[in-house]
Amino acid sequence: MKATDELKKEHEGIKLMLRVLQAVAGKVNLGDRVNPEHIDGILEFLSIFVDKCHHAKEEEFLFPALEAAGMPREGSPIGVMLAEHAESRQIVARLKDAFAAYRSGRESASLEVSKTAGEYIGLLSRHIDKENGVLFPMADGRIEAADDDRLVVRFEELERERIGHGKQEEFHALLARLENAYLT
């Protein structure tokens with residue numbers, strides 16, 4: 001499996017979570033109560049799986065490999081992706097605050113949750129499309145097979161070190177529970 005194939009596979013899980021987040025934000029906006037454990041799971045997925053695992057694989061390994069293969073950081077898709085990663089972190093911080101306000105019963109919080117979730121969903125949806133459609137094909141054409149094999153190994157090491165043994169499976173189980181609760 002190519003490194004970009006692994007990242008694309010992770011994108012599928014992220015897109016599923018974005019659909020769950022959309023449904024949860026819709027419920028919040030309608031005044032429905034949402035299970036606090038579901039909110040915690042969504043926020044953990046966004047912070048740990050998306051940022052500390054998926055984005056870290058790109059930032060620490062894929063992007064440097066592309067730079068080593070001749071792609072500049074500035075003025076290229078790498079710079080755009082890095083800026084969007086930073087923006088997504090800021091939005092997730094605001095989303096955590098909005099959900100905290102919602103859980104505390106603040107009246108305006110449902111609007112904040114809905115608006116901030118919409119920003120995040122829009123940003124990440126466009127981001128994934130750019131990576132899948134532009135950056136990853138460029139990477140596949142530039143990164144040599146041996147370097148790609150090393151990327152796959154480094155991705156696995158990062159997962160073990162950053163999220164620990166079994167956490168990936170926990171996230172998949174969480175996705176399945178949330179999909180069943182909000183999308184079926």
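Here the structure is shown first, and the text comes after it.
Residues numbered from 1 in each chain as written. Predicted model: local features only at pLDDT ≥ 70, side-chain atom pairs only at ≥ 80, totals over all residues. Heavy atoms only, no water.

Engineer: Could you clarify how one ought to interpret the packing of helix H1 (residues 3–29) against helix H4 (residues 109–142) in this entry?
Structural biologist: Two quantities define a packed helix pair, namely the angle between the helix axes and the distance between the axes. Contact geometry for H1 and H4: axes closest at 9 Å, N-to-C directions at 165°. It follows from the interaxial angle that H1 and H4 lie roughly antiparallel. The two elements H1 and H4 cross, and the hand of that crossing is left-handed. In terms of residue class, the contact of H1 with H4 is built from 15 nonpolar, 8 polar and 4 charged. (Axes fitted to C-alpha atoms, helices over the stretch in contact; angles between N-to-C directions. Helix = DSSP H or I, 4+ residues; strand = E, 2+ residues; numbered from the N terminus. Parallel < 35°, antiparallel > 145°, perpendicular 65-115°, else oblique. Left-handed = near helix turned anticlockwise from the far one by under 90°. Nonpolar A, V, L, I, M, F, W, Y, C, P; charged D, E, K, R; others polar.)

Engineer: Please explain helix H6 (residues 167–182) as it appears in this structure.
Structural biologist: Structurally, the α-helix is built with 3.6 residues per turn, so residues lying three or four positions apart point the same way. Counted at 1.5 Å a residue, the expected span for H6 with its 16 residues is 22 Å, and the 22 Å between its end C-alpha atoms agrees. Inspection of H6 places Lys 167, Gln 168, Phe 171, Leu 174, Leu 175, Leu 178 and Tyr 182 among the buried residues, and these make up the whole buried set. Along H6, the residues classed as buried sweep out an arc of 115° about the axis, all on the same side. In this structure, H6 carries Glu 169, Arg 177 and Asn 180 as exposed residues pointing more than 90 degrees from its buried face. Of the surrounding elements, those touching the buried residues of H6 are H1, helix H2 (36–68) and helix H5 (145–162). (Expected span 1.5 Å × (residues − 1). Buried < 20%, exposed > 50% of the residue type's maximum accessible area, 1.4 Å probe, protein only. Arc of directions from axis to C-beta. Contact = heavy atoms within 4.5 Å.)

Engineer: Even after reading the chapter, I still don't get the side chain of Glu 6, so can you show me in this structure?
Structural biologist: In this fold, Glu 6 is placed in helix H1. Take Glu 6: its relative accessible area is 12%, and that puts it in the buried class. Not counting the four nearest positions on each side in its chain, Glu 6 is found in contact with Met 1, Lys 57, Val 152, Phe 155 and Glu 159.

Engineer: When you look at the environment of Lys 96 in this model, what are you seeing that I'm missing?
Structural biologist: Note that Lys 96 resides in helix H3 (residues 77–104). On the basis of relative accessible area, Lys 96 is assigned to the partly exposed category, the value being 36%. Linking Lys 96 and Asp 40, residues 56 residues apart in sequence, is a C-alpha distance of 9.2 Å. Discounting residues that sit within four places of it in the chain, Lys 96 has contacts with Leu 43 and Ser 47.

Engineer: Hey, could you run me through the pattern of salt bridges in this one?
Structural biologist: Oppositely charged side chains may form a pair once their charged atoms are brought near each other. Summed over all chains, the structure comprises 16 salt bridges. Lys 2 is the salt-bridge partner of Asp 140, the closest N and O atoms lying 4.0 Å from each other. One end of the pair, Asp 140, is in helix H4; the other, Lys 2, is in the segment before H1, with 138 residues separating them in the sequence. A relative accessible area of 26% places Asp 140 in the partly exposed class. When salt bridges with common partners are traced through the structure, they connect Glu 6, Glu 10, Lys 57 and Glu 159 into a single cluster. (Salt bridge = Lys/Arg side-chain N within 4 Å of Asp/Glu carboxyl O.)

Engineer: Teacher, can you tell me more about the side chain of Ser 88 here?
Structural biologist: Mapped onto the fold, Ser 88 is located in helix H3. The exposure class assigned to Ser 88 is buried, which follows from its relative accessible area of 3%. Leaving out residues up to four positions away in the same chain, Ser 88 has contacts with His 55, Tyr 120, Leu 123 and Leu 124.

Engineer: Hey, could you run me through the packing of aromatic side chains in this one?
Structural biologist: Aromatic rings in a pair are described by how distant their centres are and how their planes are angled relative to each other. Counted according to the given criterion, the structure contains 4 aromatic pairs. Each ring, one from Phe 45 and one from Phe 49, has its centre 4.8 Å from the other, and the planes form 25°; the classification is stacked. Of this pair, Phe 45 and Phe 49 both sit in helix H2, separated by 4 residues, roughly a single helical turn. Across the pair, exposure class does not vary: Phe 45 and Phe 49 are buried alike. Each ring, one from Phe 99 and one from Tyr 102, has its centre 6.5 Å from the other, and the planes form 75°; the classification is edge-to-face. Within this pair, Phe 99 and its partner Tyr 102 are both found in helix H3, separated by 3 residues, close to a single helical turn. Accessibility classification places Phe 99 together with Tyr 102 in one group, the buried group. (Phe/Tyr/Trp six-rings, centres within 6.5 Å; stacked < 30°, edge-to-face > 60°.)

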